[in-house]
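Coordinate analysis (summary)
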Amino acid sequence: MKTINKSFSKFFFALLLVATISFSISFSSYAQSTTSFGIKGGVNLANFRGEDVKDASNRTAFNIGALLNYSVAESVGLSFEVDYSSQGAVNEGSTLNVGGIDITTDDATVKLDYLRTTLLFNYYMGSSEMNIRPELFAGPYLGFLLNSQAKSGSGDYEDYPDNTFKGTDFGAAFGAGLHIRVGERMWLVPDVRYNLGLSNIYDSDNVTARNGVLSVNLGLTFPLN
């Protein structure tokens, strides 16, 4: 699994390099008027996926961050996002075993917080003159674990040992959204997306689980030039 992590990290940064080169080639002819910076945030419905994590339900949390958009052509663009994403899972009324720790009170909450980077390839529908433009997007993400905690019932969160969860998580993000014009080259950007974790989040070969996060987000973008 560590080999897969290294391979995906190389793949992710290779994609970033290709995207940067593509943008640079098209910058002089198009992107000078279509480069924008934005802020975003949203609600996460986070859970764990895998046979070793059973009866877990969604943990409602949040994400907040910033984004940079490059329009390579009228219908094609790239987005690079960096956000703080709070994730995890909840089990109500039964035992949840996470990293070898059994939590058996009324409910058990596992909280994993990531600094997440995402490279999205965007397809915009319609003309750039439209006031509302639908979009589809997909791309890889790479997350860096900031902290891992668990709590029983309404108690306080307690930290997991450092070797319980892996320090990185990778996967694919995909979804759909709208660009709603609210001013001169300013756009309100609601979207719905799913972040599909592809790596084992545990730092152990004996336990396997992956992140899965459905999120509803709202962003606002501003022109840079």
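Fair warning: this is a prediction, and the values are worked out from it, not measured in the lab.

The rules behind these values
- Residues numbered from 1 in each chain as written.
- Predicted model: local features only at pLDDT ≥ 70, side-chain atom pairs only at ≥ 80, totals over all residues.
- Heavy atoms only, no water.
- Core = buried A, V, L, I, M, F, W, Y, C linked by side-chain atoms within 4.5 Å.
- Buried < 20%, exposed > 50% of the residue type's maximum accessible area, 1.4 Å probe, protein only.
- Helix = DSSP H or I, 4+ residues; strand = E, 2+ residues; numbered from the N terminus.
- Phe/Tyr/Trp six-rings, centres within 6.5 Å; stacked < 30°, edge-to-face > 60°.
- Pairing = 2+ DSSP bridges.
- Salt bridge = Lys/Arg side-chain N within 4 Å of Asp/Glu carboxyl O.

**A few points about the nonpolar core**
Counting 13 residues, the largest nonpolar core has Phe-48, Val-110, Leu-112, Phe-165, Ile-201 and Tyr-202 as the members making the most contacts within it. Looking at this core element by element, the count peaks at 3 residues for strand 6 (residues 107-124).

**Let's talk about the packing of aromatic side chains**
Evaluation of the coordinates by the stated rule reveals 4 aromatic pairs. Note on Phe-62 and Tyr-84: the rings are 5.7 Å apart at their centroids and 35 degrees apart in plane angle, and the pair reads as tilted. Of this pair, Phe-62 sits in strand 2 (residues 59-71) while Tyr-84 is found in strand 3 (residues 76-92), placing the two residues 22 residues apart along the sequence. On the basis of relative accessible area, Phe-62 is assigned to the partly exposed category, the value being 43%. Residue Tyr-84 is classed as partly exposed on the basis of its relative accessible area of 27%. Residues Tyr-160 and Phe-165 carry aromatic rings whose centres are separated by 5.3 Å and whose planes lie at 85 degrees to one another, so their mutual orientation is edge-to-face.

**Considerations on the pairing of strand 2**
Every second residue of strand 2 is oriented toward a common face, the buried set being Arg-59, Ala-61, Asn-63, Gly-65, Leu-67, Asn-69 and Ser-71 and the non-buried set Thr-60, Phe-62, Ile-64, Ala-66, Leu-68 and Tyr-70. By the bridge criterion, 9 bridges tie strand 2 to strand 3 in an arrangement that is antiparallel. Looking at the pairing, Asn-63 lines up with Ser-85 of strand 3. Counting the residues between successive antiparallel strands, the hairpin from strand 2 to strand 3 contains 4 residues.

**Concerning unusual backbone geometry**
Phi is positive for Arg-185, close to 60 degrees, though the residue is something other than glycine. When you line up the elements, Arg-185 lands in the loop between strand 9 (168-183) and strand 10 (186-197).

**Concerning the pattern of salt bridges**
Counted according to the given criterion, the structure contains 5 salt bridges. Taking the shortest distance from any N to any O, the salt bridge between Arg-193 and Glu-81 comes out at 2.9 Å. Note that Arg-193 is positioned in strand 10 and Glu-81 in strand 3, a separation of 112 residues in sequence. Of the two residues, Arg-193 and Glu-81, neither departs from the other in class, the shared state being buried. The shortest N-O distance in the salt bridge between Arg-193 and Asp-191 comes to 3.1 Å.

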